[in-house]
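Okay, here's what each chain looks like letter by letter:
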Amino acid sequence: MCARYLAKKNLSVTVVEQGTIGGFCSKGNCGYVSPSHVLPLAEPGVLLKTLKSMTTPDSPFHIRPRFDLALLGWLTNFARRCNEKDMMAAGVALNTILRSSFDEYKTVLAEDGIECEWQHDGILFVYRKASEFEAFCKTDDMLAEKFDRPSRRIIGDDALMEFEPALKPGNTGAFLYECDAHLHPERLMSQMRANLMAQGVSLLEGTKVEEIVTESGQVRSVKTSQGEIEAKHVVLAAGALSPMFQKALKCSIPVQPGKGLSITMQRPAVCPRVPMIFHDHRVAITPFQTGYRIGSTMEFAGYDTTINPRRLKLLTEGAKLYLKDPVGQQEEEPWWGWRPMTYDSVPIIGPTPKVRGGWLATGHSMLGISLASSTGKLIAEMITGEKPHIDPKPYAVTRF
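Residues numbered from 1 in each chain as written. Predicted model: local features only at pLDDT ≥ 70, side-chain atom pairs only at ≥ 80, totals over all residues. Heavy atoms only, no water.

If you look the protein chain up in an unreviewed UniProt entry, it shows as Amino acid dehydrogenase from Planctopirus hydrillae.

A. Focus on the sheet that holds strand E10 (residues 218-224). Spatially, E9-E10-E11 is the arrangement adopted by the three strands of the open sheet, whose pairing is antiparallel. Two strands bound the open sheet, and with one partner strand each, they are strand E9 (209-215) and strand E11 (227-230). Each strand axis lies, on average, 25 degrees off the axis of its neighbour in the sheet, ignoring direction. As judged from the six bridges shared by E9 and E10, these two strands associate in the antiparallel manner. Bridging from a neighbouring strand, glutamate 215 pairs with glutamine 218 of E10. (Pairing = 2+ DSSP bridges. Helix = DSSP H or I, 4+ residues; strand = E, 2+ residues; numbered from the N terminus. Axes fitted to C-alpha atoms, helices over the stretch in contact; angles between N-to-C directions.)

B. Molecular detail of the side chain of histidine 279. Along the chain, histidine 279 falls in the loop between strand E14 (276-278) and strand E15 (283-288). Histidine 279 gets classed as buried once you look at its relative accessible area, which sits at 18%. Those residues in contact with histidine 279, other than ones at most four positions away along the chain, are Val126, Tyr127 and Glu132. (Buried < 20%, exposed > 50% of the residue type's maximum accessible area, 1.4 Å probe, protein only. Contact = heavy atoms within 4.5 Å.)

C. Looking closely at the side chain of glutamate 117. Here glutamate 117 is to be found in the loop between helix H4 (84-112) and strand E4 (123-127). The buried category is assigned to glutamate 117, whose relative accessible area is 9%. Polar side-chain contacts of glutamate 117 include one of 3.1 Å to the side chain of arginine 187. Within the structure, the side chain of glutamate 117 is placed 2.4 Å from the side chain of threonine 290, a separation counted as a polar contact. The residues contacting glutamate 117, other than those within four sequence positions of it, are His182, Leu183, His184, Arg187, Phe288, Gln289 and Thr290. (Polar contact = N/O pair within 3.5 Å; in protein donor to acceptor, adjacent residues only side chain to side chain.)

D. Structural detail: the pattern of salt bridges. By the definition in use, this model includes 20 salt bridges. Between aspartate 344 and arginine 399 there is a salt bridge; the shortest N-O distance is 2.8 Å. One end of the pair, aspartate 344, is in the loop between strand E17 (335-342) and strand E18 (348-351); the other, arginine 399, is in the segment after helix H10 (368-384), and 55 residues separate them in sequence. By relative accessible area, which is 11% here, aspartate 344 ends up buried. Overlapping salt bridges bring together Arg64, Lys259, Glu299, Asp304 and Arg311 as one network. (Salt bridge = Lys/Arg side-chain N within 4 Å of Asp/Glu carboxyl O.)

Set out below in structure tokens:
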């Protein structure tokens, strides 16, 4: 998206990708574009659950115990933000960019002629336990009052199964956030790739960035596995790998990789009509027009590249508790990806304070797809000196 908006301003743009465009974090995520997700991960009461997860390998949210100073510092700052004041501040920042990004998506898809199975059907938050449902009622009231994000409450088994026939009985109720939409991330990325090439953007796939070269506090070039590229500006949009460039850009980038998992398959015979999140088990369901995905979980295990079968099983076992026909015929390998997690859940967008020409577009946590379009627009505006469409201050790296 950064490349798209910069190219629209007639700048010469090169995208350097060590793999394939859209082949990693954008490949297997759930594809939500969710303005309802305004609250950060750090909320009051979350700290105790986080500590408990460290001793529960099968918890949907898990931290693998190990000695890691960067993770320790991240967790300490996360713990400090588990209060209402910091939660609301993060919520205000996220609400602004989520609203902007949702509107901007409609413009991008229309202007660029992108067909990515965009469906504005909302997301259904389903609760089995009455206590959890009642607790979230207070949160739902707050979302409506403070952020203008009301839901449609569906209470009781009969009403819930009438709305979504794919659900099993046994649920207390659900919250439908009609403001949310979803898309097929692979189709979005493949069509954006084609559009960027048509705009004259250079795409260097299979090319690793080895060094960002600066001189006298100014970006000069990027050394890659395929040679050196001169540049006046470098936008670091490297997700969970962004901290590897802290030294070159002379600033702290407090991002931790939060591993997520998904399984993609054919649509089951009784397929949900709308995306759903099973809150009690942290399992997410996305019914694409051309497929079906079960995803979620969160594991802080560093830059681990393996899939734990026990954690993968949490997805299908969780879906079986809620859905009449939880799985279709599997047609793809299980997927994993690193979410770039900031400890305040707010993305990092803007200039690096000590290196001119250095820019950050990272730390989008679990909202990479949701926040992509507004991030790209904001980066392009700041680089070209235009008035930003939203205040960039809440996303600045200098807040850390």
